[in-house]
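Chain and residue survey
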Amino acid sequence: ITSYPNPVDQTLTVAVQPVTDESLSSEDRYGINNILTEQFENGSVKLINEAGKSLSAGVIKDKICALDVSNIPDGRYFLHITTSKEKIVEQIIIKH
């Protein structure tokens, strides 16, 4: 899973990227990609400030989620991506 751009100005995109490791067989890549799609589909995405307040939220649909951050002040934030199996936290910088 990847989020971009960082720093972000207008729209933060969270996307499930396919595994392309050529050291794996095509069958293994296909299986891993199916698992990733299942795991992250309908995952929740939240942008949280340093005080713990949720400022923007969305759901991963069709391997992607876009959050509008154009009205959020410049600063450091935390992107929480939660699925049925795990939680990922990334630092995001908003700079207009």
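Coordinates for the structure precede this section.
Residues numbered from 1 in each chain as written. Predicted model: local features only at pLDDT ≥ 70, side-chain atom pairs only at ≥ 80, totals over all residues. Heavy atoms only, no water.

1. Quick notes on unusual backbone geometry
In the segment running from Tyr 4 into Pro 5, the intervening peptide bond is cis, with an omega of -10°. Mapped onto the elements, Pro 5 comes out in the loop between strand E1 (2-4) and strand E2 (11-15). In this chain, Asn 6 is followed by Pro 7 through a cis amide linkage whose omega measures 10°. Positive phi, close to 70°, is recorded for Lys 63, a residue that is not glycine. Tracing the backbone shows Lys 63 in the loop between strand E4 (54-59) and strand E5 (64-68). The partly exposed category is assigned to Lys 63, whose relative accessible area is 39%. (Helix = DSSP H or I, 4+ residues; strand = E, 2+ residues; numbered from the N terminus. Buried < 20%, exposed > 50% of the residue type's maximum accessible area, 1.4 Å probe, protein only.)

2. Comments concerning the side chain of Thr 13
You can see Thr 13 is positioned in strand E2. You can call Thr 13 buried: its relative accessible area is 12%. Ignoring anything within four residues of it in the chain, the contact list for Thr 13 reads Thr 2, Ser 3, Tyr 4, Ile 64, Cys 65 and Ala 66. (Contact = heavy atoms within 4.5 Å.)

3. Remarks on the environment of Asn 42
If you trace the backbone, Asn 42 turns up in the loop between helix H1 (26-40) and strand E3 (44-48). Expressed as a C-alpha distance, the spacing of Asn 42 and Val 59, which sit 17 residues apart in the sequence, is 5.6 Å.

4. Some remarks on the sheet that holds E5
Read across the sheet, three strands follow the order E1-E2-E5 without closing on themselves; strand pairing throughout is antiparallel. The strands lining the two open edges of the sheet, one partner per strand, are E1 and E5. Across the sheet, the axes of successive neighbouring strands diverge by a mean angle of 15°, strand direction being ignored. Note that E1 and E2 share three bridges and pair antiparallel. What sits directly across from Thr 2, in E2, is Ala 15. (Pairing = 2+ DSSP bridges. Axes fitted to C-alpha atoms, helices over the stretch in contact; angles between N-to-C directions.)

5. Considering the pairing of E5
Going residue by residue along E5, you find Cys 65 and Leu 67 tucked away on one face and Ile 64, Ala 66 and Asp 68 left uncovered on the opposite face. One ladder, built from five bridges, connects E2 with E5; its direction is antiparallel. Across the sheet, residue Thr 13 finds its bridge partner in E5, namely Ala 66.

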